[in-house]
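Each chain is listed here by its residues.
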Amino acid sequence: MTALALLNQKFPVADVIAGTKCERAIKWELTIGDDLKPKWTHSIVCVSIEKTPFAKGSCRTAHKLKDWSQPDQGLVGKFSTNKKTTRDSYFTDVLMQTFCAKWAEKFNEAKPPKPITFLPSYVYELIDHPPPYPVCGGEPFIEGDYKKHNNNSGYVSSDARNTPQSFSHFSYELSNHELLIVDIQGVNDFYTDPQIHTKSGEGFGEGNLGETGFHKFLQTHKCNPVCDFLKLKPINQSKKALLRGTLPVVQLMDFHDAIGLNGNGSGPKNNYDMNYFRNGGGAQQPISLDDEEKMLQEQLERIRAQQQQKSKPSPPLVKQPSGNNLHKQAAPSSPTSKPVPQIVKTPSQSNVVNKSPVSPPKENVKLEQDNINNNISNNNSNNSNINSNSSVSSSSSSNNSSSVSSSSSSSSSSTTNAAPISIQVRNSPPPQQPIQPSSASSSSNVPTPESTSTSSMEQTPDRSEFEKWDLTSIKNIDTVRGLQSECVTGDSLRLYSGSNDGQIGVWDAVDLKHVTNIKAHGKSIRAIIKRPGFEQNVLTAGADSLVKEWDINTQQTIKELKESNEVNTIFIQDNLLYTGCNDKTVKVWDMRSYECVKTLSGHTRAIKSVCAMGNLLFSGSNDQQIYVWNLATGTILTNFQGHEGWVKTLYAHNNMLYSGSHDETIRIWDLKTTRCVNTIKCKDRVETLHVTNQGIFAGSGDWLQVFSHDKYENLASLNTRSSILCLWRNQNQLFTGSLASNLKVWSWDKM
């Protein structure tokens, strides 16, 4: 008796069982050991394949496939559309993909920012059809956006990601130029259907172009930060390319952790790991046909059980208690009734293993992200105000300072000893009381926080959080004569502006009048901010290379910091002060000891704006770049490219970064995905920005422009007759400063 006859005797054709169309197949699986020797194993399984493909490509159709030996795992069955495709080509594809999985293990051992995975693949021979039996490839189905990153003839996708390109380069270098893995495609960093070029051009199918494929790859590949991190030999390397996309300094999750985020929601809908793909126990070699029969019968029983479950009538709907009567439902129905203890099901170890995500899709921590986003948006929308043109201070409204300067309303004056100087910044909101300098470094001119709350510093909620404003009604309600203003800050009672003649202008924010001037710098004042927790203290930075802390009451200098070049911008968070200078560096100062604890170098031209959020620092420069720094390490995480002019102003709000440039645009960057999500065209060069939940205010040349916060529509454009250099808001009043000797006051209606 032939083998096929014996097979048919043991296993009659499986046609329709309990209403489910299924058929027999020989499932071939490949394993490659550490010795790189391939070992094929096979088993008899029942499969159900949907006739209509859910996706079509130039060479294949993709069908949903259920392997009843692994009923809980969704699979894709791939059939070639080329009639000349041979049975062997399916086995070659599985060989390539399994071989590439071994290379992926080597790649992951180098600890790149994002590990990669090649999906396990199989060959199914459908033996219930006349010979030659139809053959299809099979692999796990992954939800998400399928993307092709490169191909076997030099193509690189327009949004080339760093990780796939660096893996191709990695295979070329570590094989000593003997092979090259290309045709990288898949969902996120779960890859499938690769192609291998070999130096000899032999093996791995018709897609192996040999040294021609090497040459095409080398022509188009550009080394990126991951290539640099892996110390691969540079190919077409450029400085800009090394600051784009995924960076090896930290993983993307660390970038999100720095601003309190976990994930961006762009990955697969489910979390997968290799245990998920191996639920069926991996490749097994049946001992005998009796074992084959037993396995097949188990699969048929699964099919019948599933159909019986479907045929059962649905249970009647039970009306659930509403939130209003939950307490009634919780009450015992009778005095003798006893509460029923709830059984909490704990996951078994196997479940825990199967559901533990691997690195690539771990951006999907959605529920926790939403809660954290709410906390950050309340804190950072106020905390992360930017000196536009280094002009808008970090406390750009009295209510914004309720987050930044919340320490000023603390009711006690208890002090703590200074901890050792550290560059690390918390992800949590600023402390209610600033950390005091140690006794060794304290002196008579070192400021201390106010011991009691005063009526002048009572904080009220920012109305932009809960009021609805009609920003189309914005109008000029007053013009206060007094002093030129390049930068401005303040609180609910006073405004403080910096002039190009080196004076601080003091203004009454209630009566809208100019109070006095203080001679502060020998040259123009480029930036001015209030120091959180110190009611009367103001920090100024000037073109004379000095940063000064002032007591406004006494009009005396408390401390003076000497920079090496003109200071264009300053920003304060907790006890750390950040300065951006013409010497192309950002410096970090510990305000407890007034010492420079870190110098950040990377820009090629002057720094014009800085702003911090959590453990991230953003810097905008005349080199048209926005760098993102890890404050814990002082290293560059990434940079945002797109502006074609000086980046003059930055503003962080609700996990978004807003940048204004001399290219007459505002760009909005999503910090969860690190991508530019919108570009707003303005009337002139953008010098200053202020962002609220209600809208975006921009100083664009002589124009004050207002845009909606959600759709970025232009709500108003008002000609002020003088170039706007700075903005500051107090509730529903906006103050604009310019080189004209006045402050203009704007207001709008409530809806």
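Predicted model, so just to flag it, every value in this text is computed and none were measured. (Residues numbered from 1 in each chain as written. Predicted model: local features only at pLDDT ≥ 70, side-chain atom pairs only at ≥ 80, totals over all residues. Heavy atoms only, no water.)

1. Details of the overall build of the chain
Part 1 of the argument: A count of helices and strands for the chain gives twelve helices and 43 strands.
Part 2 of the argument: Here the chain holds 751 residues, and 53% of them are scored as buried.
Part 3 of the argument: At a minimum sequence separation of 6, the contacts of the chain that also span at least 24 residues come to 55%.
Part 4 of the argument: A total accessible area of about 34000 Å² is found for the chain, and carbon and sulfur atoms account for 50% of it. (Helix = DSSP H or I, 4+ residues; strand = E, 2+ residues; numbered from the N terminus. Buried < 20%, exposed > 50% of the residue type's maximum accessible area, 1.4 Å probe, protein only. Contact = heavy atoms within 4.5 Å. Areas by Shrake-Rupley, 256 points an atom, 1.4 Å probe, with all protein chains shown as cover.)

2. Here we look at helix α2 (residues 87–109)
Part 1 of the argument: A rise of 1.5 Å per residue sets the reference length of α2, with its 23 residues, at 33 Å; its end C-alpha atoms lie 35 Å apart and thus fit the reference within 8%.
Part 2 of the argument: Where α2 is concerned, the buried positions are Y90, F91, V94, M96, Q97, T98, F99, C100, K102, W103, A104 and F107.
Part 3 of the argument: Phi for K111, located one or two positions after α2, is positive at around 55 degrees. (Expected span 1.5 Å × (residues − 1).)

3. Topic: the pattern of salt bridges
Part 1 of the argument: Counting across every chain of the model gives 21 salt bridges.
Part 2 of the argument: Here E560 ties to K548 by a salt bridge, and the two come within 3.8 Å at their closest N and O atoms. With E560 in strand β24 (residues 556–562) and K548 in strand β23 (residues 546–551), the pair connects residues that are twelve residues apart, well separated along the chain.
Part 3 of the argument: Overall, K548 belongs to the buried group, its relative accessible area being 11%. (Salt bridge = Lys/Arg side-chain N within 4 Å of Asp/Glu carboxyl O.)

4. As for the packing of aromatic side chains
Pairs of aromatic rings are described using the distance from one ring centre to the other and the angle between the two planes.
Part 1 of the argument: Applying the stated criterion across every chain yields a total of 16 aromatic pairs.
Part 2 of the argument: Arranged with centres 5.4 Å apart and planes meeting at 85 degrees, the rings of F107 and F167 form a pair that is edge-to-face. Highlighted residues: F107 in helix α2 and F167 in helix α3 (residues 162–174), separated in sequence by 60 residues. Per residue, the accessibility class of F107 equals that of F167, and both read buried.
Part 3 of the argument: With centroids separated by 5.3 Å and ring planes inclined at 80 degrees, the aromatic side chains of F107 and F170 adopt a geometry described as edge-to-face. Residue F107 is found in helix α2, and its partner F170 is found in helix α3; the two are separated by 63 residues along the sequence. We note that F107, like F170, is buried.
Part 4 of the argument: These aromatic residues form a ring-pair network of at least three members: W103, F107, F118, F167, F170 and Y191.
Part 5 of the argument: Cation over ring: K27 sits above Y122, and NZ or CZ is 4.4 Å from the ring centre. (Phe/Tyr/Trp six-rings, centres within 6.5 Å; stacked < 30°, edge-to-face > 60°. Lys NZ or Arg CZ within 6 Å of the ring centre and 35° of its normal.)

5. Concerning the sheet that holds strand β14 (residues 190–192)
Part 1 of the argument: Judged by pairing direction, the sheet is mixed, and its four strands sit side by side in the order β8-β14-β13-β11 without closing on themselves. Here the strands that pair on one side only, and so sit at the sheet edges, are β8 (117–118) and β11 (146–148).
Part 2 of the argument: In this structure, strand β13 (residues 185–187) lies alongside β14, joined through three bridges in antiparallel fashion. Paired with V187 across the two strands is F190, which belongs to β14. (Pairing = 2+ DSSP bridges.)

6. A word on the packing of α2 against α3
Part 1 of the argument: Relative orientation of the contacting elements α2 and α3 amounts to 95 degrees, with a least axis distance of 11 Å. Taken together, α2 and α3 sit at an angle that is classed as roughly perpendicular. For the pair formed by α2 and α3, the contact residues are C100, W103, A104, K106 and F107 on the first element and T163, S166, F167, F170, S171 and L174 on the second.
Part 2 of the argument: When its residues are assigned to classes, the contact of α2 with α3 shows seven nonpolar, three polar and one charged. (Axes fitted to C-alpha atoms, helices over the stretch in contact; angles between N-to-C directions. Parallel < 35°, antiparallel > 145°, perpendicular 65-115°, else oblique. Nonpolar A, V, L, I, M, F, W, Y, C, P; charged D, E, K, R; others polar.)

7. Things to note about α3
Part 1 of the argument: For α3, with 13 residues, the first-to-last C-alpha span of 18 Å sits near the 18 Å given by 1.5 Å per residue.
Part 2 of the argument: When α3 is considered as a whole, its buried residues turn out to be N162, T163, P164, Q165, S166, F167, S168, H169, F170, S171, Y172 and E173.
Part 3 of the argument: Against the buried residues of α3 lie α2, β8, β12 (179–182), β14, α4 (211–220) and α5 (225–229).
Part 4 of the argument: Just downstream of α3 lies N176, where phi reads positive at about 60 degrees.

8. Regarding the packing of α3 against α4
Part 1 of the argument: Viewed as axis vectors pointing N to C, α3 and α4 meet at an angle of 135 degrees, and their least axial separation amounts to 12 Å. If you check the angle between α3 and α4, you find them oblique. Between α3 and α4 lies a crossing whose hand is left-handed. Taking contact as the criterion, the partners of Q165, S168, H169 and Y172 in α3 are, on α4, F214, F217 and L218.
Part 2 of the argument: Across the contact of α3 with α4, the residue classes tally to four nonpolar, three polar and no charged. (Left-handed = near helix turned anticlockwise from the far one by under 90°.)

9. Overview of the pairing of strand β25 (residues 567–573)
Part 1 of the argument: Most of β25 sits inside the fold, with seven of its seven residues counted as buried.
Part 2 of the argument: Once β25 ends, the chain turns through two residues before running back antiparallel as strand β26 (residues 576–581), passing D574 with a positive phi of about 55 degrees.

10. Describing the confidence of the model for the chain
Part 1 of the argument: The share of residues in the chain with pLDDT of 70 or more is 68%, and the mean pLDDT across the chain is 76.
Part 2 of the argument: Across the chain, β12 holds the top mean pLDDT of 96, while helix α10 (residues 349–355) sits lowest at 35.
Part 3 of the argument: For residues 247–253, every residue scores under 50 in pLDDT, and the model assigns this stretch 29 contacts once sequence neighbours within four places are set aside.
Part 4 of the argument: Note on residues 262–269: pLDDT is under 50 here. Beyond four places in sequence and across chains, it has 34 contacts. (pLDDT = per-residue confidence, 0-100.)

11. As for unusual backbone geometry
Part 1 of the argument: Note that the residue after P131, namely P132, is joined by a cis bond; omega there is -5 degrees.
Part 2 of the argument: Following the sequence through the fold, P132 ends up in the loop between β9 (122–126) and β10 (135–140).
Part 3 of the argument: One non-glycine residue with positive phi stands out, namely D574, at about 55 degrees.
Part 4 of the argument: Of note, D574 is situated in the loop between β25 and β26.

12. Regarding the nonpolar core
Part 1 of the argument: One finds F118, F167, I181 and I196 to be the most contacted residues of the largest nonpolar core, which totals 33 residues.
Part 2 of the argument: At the level of elements, β3 (23–32), α2, α3, β12 and α5 are the ones that each hand at least two residues to this core.
Part 3 of the argument: If you tally residues by element for this core, the top one is α2, at nine residues.
Part 4 of the argument: Ignoring anything within four residues of it in the chain, the contact list for F118 reads Q97, C100, A101, A104, F167, I184, Y191, T192 and P194.
Part 5 of the argument: In this structure, V588, I626, I636 and L637 belong to the second largest nonpolar core, which totals 28 residues. (Core = buried A, V, L, I, M, F, W, Y, C linked by side-chain atoms within 4.5 Å.)

13. A closer look at the side chain of H149
Part 1 of the argument: Inspection of the secondary structure assignment puts H149 in the loop between β11 and α3.
Part 2 of the argument: Among residues more than four places away in sequence, those in contact with H149 are Y155, V156, S157, R161, P164, Q165, I184, Q185, N188 and Y191.

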